[in-house]
Amino acid sequence: MKSDEIRSAFLEFFRERDHVIERSDRLVPKNDPTLLFTSAGMVQFKPYYTGEVPVPYRRAATAQKCLRAGGKANDLDEVGKTSRHLTFFEMLGNFSFGDYFKREAIQWGWEFTTRVLRIPAERVWVTVYTEDDEAAEIWEKEVGISPSRIVRMGAKDNFWGPAGDTGACGPCSELLYDRGAEVDPEATPDRDPHERFLEFWNLVFPQYDQQPDGSRPPLKNRGIDTGMGLERMAMLLQGKQTVFDTDGLYAMIDATASIAGVPYETRPVPYRVIADHIRALSFMLADGILPGNEGRGYVFRRLLRRAARFGRELGMDAPFLYRVSEAVVDRFGHQYPELVEGRTHIARIIRLEEERFAGTLARGMELLANVFDEMARSGEKVVSGDTLFTLHDTYGFPLDLAADMAEEKGYTVDRDGFERAMARQREKARGAWAGSGQAALPPVYRAVHARTGDTEFVGYETLECEGTILAIIRDGEEVDTVDAGEAAEVILDRTPFYAEAGGQVADTGNLAGSAGEALVEYVSRPVGKMTVHQVKTTRGRLAKGDRVTGRVDAERRRSTERHHTATHLLQAALRQALGEHVHQAGSYVGPDRLRFDFTHFEGLSQERIEDIERLVNAWIREDLPVNTALRPIEEARAEGAMALFGEKYDPIVRTVRTGDISLELCGGCHVSQTGVIGLFKILSESALSAGVRRIEAVCGAEAVEAVQEHERWLQQAARALSVAPDGLPDRVRALQEEIRKLQREVERWKQTAATGGTAADPERNAVVVSGVRVVAVRMDDLDAKSMRAAMDRLKDKLRQESVIVLAGACEGKAALIIGVTPDLTGRISAKALAAELAPLVEGSGGGRADMAQAGGKRIEGIDACLKSAPRAVERLLQG
């Protein structure tokens, strides 16, 4: 069976058994701060087991995309070493929330395995938790498996969860495929060094709810959570030795081999790592995860650099991963349309990161060359594990490449020290892991939502309406009242207030009842579509059950609407001017401004920015109608509606159409005609991250104010330079050229003054130590560039058998530069001398054998530093 057939068969099997087939969730979990990535199929269902939210259905099945490459669920280091470990994989799962339990899960698991997949029954073994007599009895008495193929195992292997720090957990039963006694006649599932038994389906029986303190009370909705690795099952059914040889992953291997020209059979490990990592990277980008230096972005960058390093083992030094990403889209796009939508974006971001890594790798090689130079002087023969780890962790430099370069120089590497440093880092990462960065959601919100349900939002039609206070929350607990001067959170049955979402800020305004009033300062939707109003009571008292009138700040809302519709026009203009690869990567829409992050790969020229600005303003002047509608997601996509990368939408979505210019999926607030926007003005365009740009702009009255402010600046500059505004560019260019000429002249005078006597006769200031001339000169008020120029002239003059120390004060700090003529670098290192002298100015430094620099904060120590130079040189020569 092909992978697609296995997936379809699984979902259809459970559809026939009254399961709702739910779509895969994103790789970025919602409302779960304990997880970096979605690592299992049950993650999106966690609240259903605990009863924190109403359960919309009692049975579900999914094909869930999962990533285990960071945080506590991390298989990264195992990829390529084993036949089955992956960072990205698809998990097939069936779930029960307070409905069926062990009997049905076990019986259906057996039926699907033996009748649908036609795996021979005698090849299937099962494991159960040591204390789970119920599951063991079902397998033996009802399914009919021989007791000899039922193995009881401890909590390490057969007690699952939770996914994260808290939530559903319980005993489990695993189905294993016996690959035969010829693999290892002595093996059993609990003693299996040669992987004779391959686990392919885990049936978890969630019946406990783990708390932050480690306690495990019973779940409100005990149930079933199963997980079958699609790739692992494909390996079994397709008769392959590894998951990488199945139809799901081999397409990436084949694409890589066509570039590398190295047979897969001769170097399988690099191909396997590349295939896994490029699939993970492509899906991460499709879900809106971008490269960065922390959190998910750091994991992305680590995966890419690891794949690129393995590519170098196949002789591919130039960027190649972006080409292989095309194979990922071609292979999985039919199942995950977000890949097709992001095809260009995915390839371009990956290529940019590959090019960036090439530069980083070059810096690592330069650093390693310096390490070899220092070892040659010191006589050291082993590259330390800490040095190797720094190269690996900071520069992405592969250990094997460092070992090869060391061997060429006659050195060895401390692999054990490297592994110890890696182990320390992994332990530190586990200890420091504090979740995804989201705040944990207090349980009171879920409890209130379970009782009150969603809030009716009427804010599209009106900015004022009456509602009933259903609940009041204060300091994480429900209360009945809130008095004047107190802050609290109020939940109404209906509201005109827009809760912050989709980049649009929350409304503000007030609540007024017969007994009290309150300012509404912020509005959110922490659970489902329940709207929570953060209020501060200004008069009287608000109480649960009160009827109140909610009034939105109309001027603020209208200004926000102008900026939101302008954001849609901006995206349409960017796509028209730059190309179809432009997609939204983030936004902020407020009453004062808009910020739009978009995928693009170079900065915009001023001319291009003006073109975009003119286009948006032309559409505003056309006074185009802005219409909204609710429709099925498939219909909206078929019409070409723009959606956010990686966003998971409801089956029925709201679309916003602006004339024939723009159609987007959007739940925000908009003007009815573009003419209401008035004026659109771009304030700035800048780089946000690799492949992502940012535009900030204003509309309406804010745009008029921005234009007037720019005009004031222009007039002030013109008056200061005594020219008309249109003469400013020429006047500024003339001044810049005049400044450059003066700077060059000053530089010449400074260098002449600094080295006048010394350069003419450097030996006049020299002290001879053990046959070596030491020239130590004070040079104040010189920047680093000028001091290096002075050093170069002195070295040219002295040529050999000389050590030069220049020191001085510049901008309140001590500066030190040391030079050694080429014939002496084997006897004395400028870097070592800098280390000797820098403490005298309370500083530190570094460099090479022939040139080193240092800086310090104690300028009073400069003279002592120069006076100590000959003695320091003598110690180093004798040492």
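Each remark here, short or long, concerns the structure printed above.
From a predicted model like this one, the values you see are computed outputs, not experimental measurements.

Chemist: Sorry, what's going on with the side chain of Thr537 here?
Modeler: Within the fold, Thr537 resides in strand 23 (residues 530-543). On the basis of relative accessible area, Thr537 is assigned to the buried category, the value being 2%. Leave out the neighbours within four places in its chain, and Thr537 touches Val482, Asp483, Ala484, Gly485, Glu486, Glu517 and Ala518.

Chemist: Which parts of the structure should I look at to understand the environment of Ala280?
Modeler: By the element assignment, Ala280 lies in helix 8 (residues 268-286). The exposure class of Ala280 is buried, given its relative accessible area of 0%. For the pair Ala280 and Cys66, spaced 214 residues apart in sequence, the C-alpha to C-alpha distance is 9.1 Å. For Ala280, the residues in contact, after removing those within four places along its chain, are Leu67, Thr87, Phe88 and Leu303.

Chemist: How do you make sense of the pattern of salt bridges when you look at a structure like this?
Modeler: Pairing is possible between side chains of opposite charge, provided their charged atoms come close. Summed over the entire model, instances satisfying the criterion amount to 54 salt bridges. Among the salt bridges present, the one from Arg301 reaches Glu353, with a minimum N-O distance of 2.9 Å. In this pair, Arg301 sits in helix 9 (residues 295-313) while Glu353 sits in helix 12 (residues 343-378), placing the two residues 52 residues apart along the sequence. For Glu353, a relative accessible area of 0% translates into the label buried. Across the pair Arg351 and Glu355 runs a salt bridge, and its minimum N-O distance is 3.3 Å.

Chemist: Help me understand the sheet that holds strand 28 (residues 652-658) in this model?
Modeler: Think of a sheet as strands paired side by side through backbone hydrogen bonds, with each pair either parallel or antiparallel. Sheet architecture is open: three strands sit in the order 27-28-29, paired in antiparallel fashion. One side of each edge strand has no neighbouring strand; the edge strands of this open sheet are strand 27 (626-632) and strand 29 (662-665). Strand-to-strand twist of the sheet, defined as the mean angle between neighbouring strand axes without regard to direction, takes the value 25°. Bridge analysis of strand 27 against strand 28 gives seven bridges, and the strand direction is antiparallel. If you follow Asn627 over to strand 28, its bridge partner there is Arg657.

Chemist: It is not clear to me how the sheet that holds strand 32 (residues 766-769) should be interpreted in this structure. Could you clarify?
Modeler: Across the sheet, which stays open at both edges, the six strands sit in the order 32-33-34-35-37-36 with mixed pairing between neighbours. Lying at the two open borders of the sheet, with one neighbouring strand each, are strand 32 and strand 36 (843-847). The average undirected angle you get between the axes of adjacent strands in this sheet is 20°. Across six bridges, the pairing between strand 35 (residues 813-820) and strand 37 (residues 851-856) is antiparallel.

Chemist: For this particular structure, what's the right way to read the packing of helix 3 (residues 102-116) against helix 4 (residues 133-143)?
Modeler: With their axes 10 Å apart at the nearest point, helix 3 and helix 4 run at an angle of 50° to one another. Here helix 3 lies oblique to helix 4, going by the angle between them. Handedness of the crossing formed by helix 3 with helix 4: right-handed. Packed against helix 3, whose contacting residues are Lys102, Arg103, Ile106, Gln107 and Trp110, the element helix 4 presents Glu134, Ala135, Ile138, Trp139, Glu142 and Val143 at the interface. For the contact of helix 3 with helix 4, a count of residues per class yields six nonpolar, one polar and four charged.

What counts, and where the lines are drawn
Residues numbered from 1 in each chain as written. Predicted model: local features only at pLDDT ≥ 70, side-chain atom pairs only at ≥ 80, totals over all residues. Heavy atoms only, no water. Helix = DSSP H or I, 4+ residues; strand = E, 2+ residues; numbered from the N terminus. Buried < 20%, exposed > 50% of the residue type's maximum accessible area, 1.4 Å probe, protein only. Contact = heavy atoms within 4.5 Å. Salt bridge = Lys/Arg side-chain N within 4 Å of Asp/Glu carboxyl O. Pairing = 2+ DSSP bridges. Axes fitted to C-alpha atoms, helices over the stretch in contact; angles between N-to-C directions. Parallel < 35°, antiparallel > 145°, perpendicular 65-115°, else oblique. Left-handed = near helix turned anticlockwise from the far one by under 90°. Nonpolar A, V, L, I, M, F, W, Y, C, P; charged D, E, K, R; others polar.

Such coordinate-based values are descriptive only and should not be taken to indicate function.
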